[in-house]
Amino acid sequence: MKLTALSPSRGLMLSLGSAVLIVTTLVACTSQGEGEMNQDLTVDQAKAKAETQALEISVADALPPGEVLSTEQKPDGVLLSCSETTYQWTGRTTFQLDGSRSEHDVLDAVATGFTSQEGFRSTVDDNGERERILVSGPEGLAFVARVSDADELHVASASRCFLLRDDESVHDTY
């Protein structure tokens, strides 16, 4: 078998794909179950997507003023299955940091910022390559965060689970 090096962009895509898989697994483990889900939650801008994008942006609030130099939030995300009948919206945001603190200190600040809020908990996942945190919130709302060598804080998120409306398709991008 021949081993080849991955391009930086291919490696990032694999890492982000892994993060989405972890978020999905985390949500599946923390979800309260289909019977207790919020029946009013939908994928459209006013509900699941907006709530999850607001969660992503609030990650910067856990860091000291001035540490975040810029923010790039992906405008669209995809739906992943929670169960046979429910779905969650997934998104991504990248924060360019000033590089003043270590990867561990940045992640610790984010974890502390969220675990001090009611309904949130975090765990550290160190896969031997790069430390990341997994944060789960009320009703399965969750995100995974890690810091890259380029001082970028990457956040992959997932909404609470919801039912699709008749005019929505799992195959669409929202």
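In this report, the structure presented in the accompanying data block is examined.

About the thresholds
- Residues numbered from 1 in each chain as written.
- Predicted model: local features only at pLDDT ≥ 70, side-chain atom pairs only at ≥ 80, totals over all residues.
- Heavy atoms only, no water.
- Phe/Tyr/Trp six-rings, centres within 6.5 Å; stacked < 30°, edge-to-face > 60°.
- Helix = DSSP H or I, 4+ residues; strand = E, 2+ residues; numbered from the N terminus.
- Buried < 20%, exposed > 50% of the residue type's maximum accessible area, 1.4 Å probe, protein only.
- Core = buried A, V, L, I, M, F, W, Y, C linked by side-chain atoms within 4.5 Å.
- Contact = heavy atoms within 4.5 Å.
- Salt bridge = Lys/Arg side-chain N within 4 Å of Asp/Glu carboxyl O.

1. Points about the packing of aromatic side chains
One pass over the structure, following the stated rule, counts 2 aromatic pairs. Ring centres 5.0 Å apart and planes at 70° place the aromatic pair F114 and F143 in the edge-to-face group. One end of the pair, F114, is in helix α3 (residues 103–115); the other, F143, is in strand β6 (residues 142–147), and 29 residues separate them in sequence. The class of F114 is buried, set by a relative accessible area of 1%.

2. Topic: the nonpolar core
In terms of nonpolar packing, the biggest core is built from 21 residues, with V59, V110, F114, F143 and L153 touching the most fellow members. Mapped onto this core, the elements with two or more residues apiece are β3 (86–97), α3, β5 (131–136), β6 and β7 (152–158). Among the elements that take part in this core, α3 stands out by supplying 6 residues, more than any other. Those residues in contact with L153, other than ones at most four positions away along the chain, are V59, L63, T93, T94, F95, L97, V106, L107, V110, A145, R146 and V147. L79, W89, F162 and Y174 belong to the second-largest nonpolar core, a separate cluster that totals 6 residues.

3. Section: the pattern of salt bridges
Across all of its chains, the model carries 10 salt bridges by this definition. Between E51 and R160 there is a salt bridge, with the nearest N and O atoms lying 2.9 Å from each other. Of the two residues, E51 is situated in helix α2 (residues 48–58) and R160 in the loop between β7 and β8 (162–163); the sequence distance between them amounts to 109 residues. Residues joined by salt bridges that share partners form a network here, namely E51, E139 and R160.

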